[in-house]
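# Chain and residue survey
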Amino acid sequence: MLQPASRSQPCSPRLQQTRRRKGFGMRHFLAAILAFCLAGFTTPAAAEGTFHGEWQQVSSNAGECATCRLTIHQSGTSLRVIANNDWSAIAETSGDGMADGAGFWKRGTRKTYSGKSFDIKLRRNDADELILLMRIEPIRGQGRTIKGVFQRIERLQI
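Numbering of residues starts from 1 in each chain and follows the order in which that chain's sequence is written. For a predicted model such as this one, the threshold for reporting local features is a pLDDT of at least 70, and the threshold for listing and counting side-chain atom pairs is 80 or more; totals across whole chains, interfaces and linings nevertheless cover every residue. Side-chain calculation: all heavy atoms of the structure are included, whereas hydrogens and water are not.

## Some remarks on the sheet that holds strand E4 (residues 87-93)
One bridge is not enough; two strands pair if DSSP finds at least two bridges between them. Here a strand is any run of E in DSSP of at least two residues, a helix any run of H or I of at least four, and the numbering for each starts at the N terminus. The eight strands are arranged E1-E2-E3-E4-E5-E6-E7-E8 in a closed barrel whose pairing can be described as antiparallel. Across the sheet, the mean angle from the axis of one strand to that of its neighbour is 30 degrees, orientation sign disregarded. Alignment of strand E7 (residues 129-139) against strand E8 (residues 142-154), held across nine bridges, turns out to be antiparallel. Across the sheet, Ile131 pairs through a bridge with Val149, a residue of E8. Helix axes are fitted to C-alpha atoms over the stretch in contact, other axes to C-alpha atoms as well, and angles between N-to-C directions run from 0 to 180 degrees.

## Some remarks on the packing of aromatic side chains
Pairing of aromatic rings covers Phe, Tyr and the six-membered ring of Trp, with a centre-to-centre limit of 6.5 Å; geometry is then stacked below 30 degrees between planes, edge-to-face above 60, and tilted otherwise. Evaluated as defined, the whole model comprises three aromatic pairs. With a centroid separation of 6.4 Å and 50 degrees between ring planes, the pair formed by Trp87 and Trp105 is classed as tilted. Of this pair, Trp87 sits in strand E4 while Trp105 sits in strand E5 (residues 98-105), placing them 18 residues apart in sequence. Pair check on accessibility: Trp87 and Trp105 agree, each one buried. Remark: exposure states derive from per-residue accessible area (1.4 Å probe, protein chains only) relative to the maximum for the residue type, with buried under 20%, exposed over 50%, and partly exposed in between.

## Notes on unusual backbone geometry
Phi is positive for Asp86, which is not a glycine, with a value near 75 degrees. Counting through the fold element by element, Asp86 comes out in the loop between strand E3 (78-83) and E4. Classification of Asp86 by relative accessible area gives partly exposed; the value is 27%. With a phi angle near 60 degrees, Asp128 is a residue other than glycine that sits in the positive phi range.

## So, the pattern of salt bridges
Between side chains of opposite charge, pairing is possible as soon as their charged atoms come close. By salt bridge we mean one thing: a side-chain nitrogen of Lys or Arg within 4 Å of a carboxyl oxygen of Asp or Glu. Within this structure, the stated rule accounts for three salt bridges. Of the charged contacts, one joins Glu137 and Lys116 as a salt bridge, the two residues approaching to 3.3 Å between their closest N and O atoms. Note that Glu137 is positioned in strand E7 and Lys116 in the loop between E5 and strand E6 (117-124), a separation of 21 residues in sequence. Of the residues examined, Lys116 reaches a relative accessible area of 21% and is grouped as partly exposed. Between Asp128 and Arg124 there is a salt bridge, with the nearest N and O atoms lying 1.8 Å from each other.

## With respect to the state of the cysteines
Only a pair of cysteine sulfur atoms within 2.5 Å counts as a disulfide in this structure description. Tallying each qualifying case throughout the model produces one disulfide. Between the sulfur atoms of Cys65 and its disulfide partner Cys68 the distance amounts to 1.9 Å. Across the S-S bond of Cys65 and Cys68 the torsion is about 85 degrees, and the bridge reads as right-handed. The pair formed by Cys65 and Cys68 is uniform in burial state, with each residue classed as buried.

## Structural notes on the side chain of Gln56
Tracing the backbone shows Gln56 in strand E1 (residues 53-60). Overall, Gln56 belongs to the buried group, its relative accessible area being 15%. As used in this structure description, the phrase polar contact means that two N or O atoms lie within 3.5 Å; if the pair is within protein, one of them must be able to donate a hydrogen and the other to accept it, and residues adjacent in sequence are counted only when both atoms belong to side chains. Here Cys68 takes part through its backbone oxygen, which lies 3.4 Å from a polar atom of the side chain of Gln56. Side chain to side chain, Gln56 and Arg69 meet in a polar contact 3.1 Å long.

## As for the layout of surface pockets
A probe as big as a water molecule, rolled over the atoms, marks out the empty space that is left. A cavity, in this analysis, means grid points on a 1 Å lattice covering only the protein atoms where a 1.4 Å probe fits yet has no way out; a pocket is instead an open set bounded by protein on both sides within 12 Å along at least five of seven lines, and a residue lines either one if it has an atom within 4 Å of a point. Grid points are joined across faces, edges and corners, and a volume is the space filled by probe spheres set on the points. Of the pockets and cavities examined, the largest pocket occupies roughly 340 Å³. For the largest pocket, the lining is made up of 22 residues, of which Gln57, Ala62, Cys68, Asn85 and Trp105 are closest to its centre. Mapped onto the lining of the largest pocket, the elements with two or more residues apiece are E1, strand E2 (69-75), E7 and E8. Counting residues per element, the lining of the largest pocket draws most heavily on E8, which supplies three residues. Gly is placed with the polar residues, together with every amino acid not listed as nonpolar (Ala, Val, Leu, Ile, Met, Phe, Trp, Tyr, Cys and Pro) or charged (Asp, Glu, Lys and Arg). Grouping the amino acids of the lining of the largest pocket by side-chain chemistry returns 12 nonpolar, seven polar and three charged.

Dropping the structure here:
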């Protein structure tokens with residue numbers, strides 16, 4: 001019967017080579033994990049400046065609203081959009097100044113779109129404005145697309 005090699009007994013060259021390979025693979029694995037973690041800390045900070053912040057509505061095809069604002073919290077490619085007029089959405093950026101997502105209008109309000117869901121597209125233009133397209137689910141058989149233009153009024157701390 002074969003006895004397992006103790007630490008004091010020399011191993012065969014084949015076993016030593018296998019042990020070295022395992023250690024070599026583990027070092028590469030740990031290095032890859034470390035690189036991934038470090039990239040996670042640096043990349044989102046650069047990307048978060050794209051949408052992150054407080055935005056004031058400048059114009060809209062749904063009517064003027066001097067008090068309408070959006071707050072966008074960005075974490076990497078994920079956006080959480082909260083409007084002060086009873087709607088919210090989540091979206092994902094595509095890395096080119098654009099984002100797509102979905103949201104809903106709060107239920108129980110007297111607003112036209114109370115409880116309705118919508119698709120949302122966000123885009124930054126060259127003038128550092130935020131263009132919002134909101135496609136609301138059909139009401140009495142007809143959908144509606146709201147287009148709004150927003151200017152950043154405050155960059156939130158990341």
